[in-house]
Amino acid sequence: MPHPFCVMDATSDELRAFLAGLGESGYRARQLLGWLYARGARRFAEMTDLPRALRERLEAEAAIDWFPVARHQVAADGTEKFLFVLEDGVQVEGVLIPDGGRLTACISTQAGCPLDCAFCLTGILGFQRNLRAWEIVGQVLAARATLGSGERITHIVYMGMGEPLANYAATVKSLRILTDPRAFGFSPRRITVSTVGLVGGIERLAKEDLKVNLAISLHATSNEIRDRIMPVNKGFAIEELLEACRRFPVAFRQRITFEYVLLEGVNDAPEDARRLVRLLKGIRAKINLIPFNDWEGSGFQRPALHRIVGFQDLLLEHGIRATVRWSKGEDIGAACGQLKETVEV
Ligand code: SF4
């Protein structure tokens, strides 16, 4: 028996083509998309304005894939962490981060991560597999389904488990589904894709015309240190990465975000801050300084407060927009680089 067509893994054009193959009009495709993304329907039977014969045909030939929230934790600061168990038992995490009027969904693109950054707890899990597009979009839908009335997700960041550009096709497809006004309809300006700096991926993404924001996990200002804490740097030197950033189309009033986790005695010296200023010349950049979130056995430490503030001040003095991001949700392991929960299933 052929595998049913997964409607959640289809772009609006693919869905339209599938329905056309069943002899249905574009109007039916629009109805179906409305049910899936605006109303979050999980069964064709719920789609009461579709003719019964079509619903029955969809039940037979298509599927709405969905996964349960296996665990939902809420931190003291309101950050929520979701553990999702996918159909093959693989587990991934997503986080909802409230901040003033914002509610940001941080989603994963891979189960585990192959890139092995020395300071990241997700990295030590190892790599299990790439997520499919619907499994990426599904995290947003599942988190949204838990919100109360009047609450809505305002931003989406691809900063959870995994490296989005190492799962390029599914990442781009999920971005198309999320930003397509006929599907999820989320503003691309409110979506940020974060990468460790896979140069080829950045260059491809630049040509996709998706208009999403780019964030780079930089974390070091010399190749020597970056090679040590981010092995991926051995394939793409900092200079090459920043050249790709210079070529990336940055929308009016937007900036490329550079994430910089501050590790005591590794990358937190005034000389690092000065080098960072020189490196980012000519790039519309903003820097998020992330004091390291400690985890047992990491071998790294968070710098003292005066070192963190001094680093930020140096950047600000040189006209670089720099914000210290005190991570949220540390008490439930939802902070940056801490995603690693599992449950028995
Ligand atoms: S920091 Fe990101 S890219 Fe590096 S190991 Fe962790 S999840 Fe992977």
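The residue count restarts for each chain, going from 1 along the sequence in the order it is written. In keeping with the predicted nature of the model, local features appear solely for residues at pLDDT of at least 70, side-chain atom pairs appear and are counted solely at 80 or more, and the whole-chain, interface and lining totals rest on all residues. Side-chain descriptors were evaluated using all non-hydrogen atoms of the structure, hydrogens and water having been removed beforehand.

Our next topic: the nonpolar core. Buried residues of nine kinds, namely Ala, Val, Leu, Ile, Met, Phe, Trp, Tyr and Cys, make up a nonpolar core once their side-chain atoms join them within 4.5 Å. Each residue's exposure class comes from its accessible area (1.4 Å probe, protein chains only) as a fraction of the maximum for that residue type: buried when under 20%, exposed when over 50%, partly exposed otherwise. Judged by nonpolar contacts, the single largest core of 112 residues is most densely connected at Tyr37, Leu58, Phe119, Leu205, Phe258, Ile287 and Leu315. Setting aside residues up to four positions removed in sequence, Leu58 forms contacts with Phe18, Leu19, Leu22, Leu32, Phe44 and Leu50. In what follows, a contact means two residues having at least one pair of non-hydrogen atoms within 4.5 Å.

A word on the packing of helix α7 (residues 199–206) against helix α9 (residues 238–247). Interaxial angles span 0 to 180 degrees and are taken between N-to-C directions of axes, which are lines fitted to C-alpha atoms, for helices over the stretch in contact. Each helix is a run of H or I in the DSSP string that is no shorter than four residues. Each strand is a run of E no shorter than two, and both are numbered from the N terminus. Across the interface, α7 lies against α9 with an axial gap of 9 Å and an inter-helix angle of 5°. When the interaxial angle is binned, α7 and α9 end up roughly parallel. Touching Val199, Ile202 and Glu203 of α7 are Glu240, Leu241, Ala244 and Arg247, all from α9. Orientation is classified from the angle alone, with under 35 degrees giving roughly parallel, over 145 giving roughly antiparallel, 65 to 115 giving roughly perpendicular, and any other angle giving oblique.

What follows is about the site of the ligand. A molecule or strand has a residue near it when one of that residue's heavy atoms lies within 4 Å. Contacts to the ligand come from Cys113, Leu115, Asp116, Cys117, Cys120, Gly123, Gly162 and Val196. In terms of residue class, the shell around the ligand is built from five nonpolar, two polar and one charged. Throughout, the ten residues Ala, Val, Leu, Ile, Met, Phe, Trp, Tyr, Cys and Pro are labelled nonpolar, Asp, Glu, Lys and Arg are labelled charged, and all others, Gly among them, are labelled polar.

For the rest of this paragraph, the subject is the side chain of Thr154. Position of Thr154 among the secondary structure elements: in the loop between α5 (133–144) and β9 (155–158). N or O atoms within 3.5 Å of each other form a polar contact, as long as, within protein, one can give a hydrogen and the other can take it, and as long as residues adjacent in sequence are counted only when both atoms are side-chain atoms. Looking at Thr154, its side chain comes within polar contact range of the side chain of His155, at 2.8 Å. With residues up to four places along the chain from it excluded, the contact list for Thr154 reads Gly101, Arg102, Leu103, Phe186 and Arg190.

Working rule for helices: expected span equals 1.5 Å times residues minus one. When the terminal C-alpha atoms of α5 are compared, their 17 Å separation across twelve residues agrees well with the 16 Å that a helix rising 1.5 Å per residue should span. Across the twelve residues that make up α5, a large majority, eleven, are buried.

It is the contact of helix α10 (residues 270–279) with helix α11 (residues 305–317), at a shortest axis distance of 9 Å, that shows an interaxial angle of 30°. Compared by their axis directions, α10 and α11 come out roughly parallel. The two elements α10 and α11 meet at a crossing, and its hand is right-handed. Facing Pro270, Asp272, Ala273, Arg274, Leu276 and Val277 of α10, the residues of α11 in contact are Arg307, Phe311, Leu314 and Leu315. For the contact of α10 with α11, the residue count by class is seven nonpolar, no polar and three charged. Working rule for handedness: look at the near helix, and if it is turned counterclockwise from the far one by less than a right angle, call the crossing left-handed; if clockwise, right-handed.

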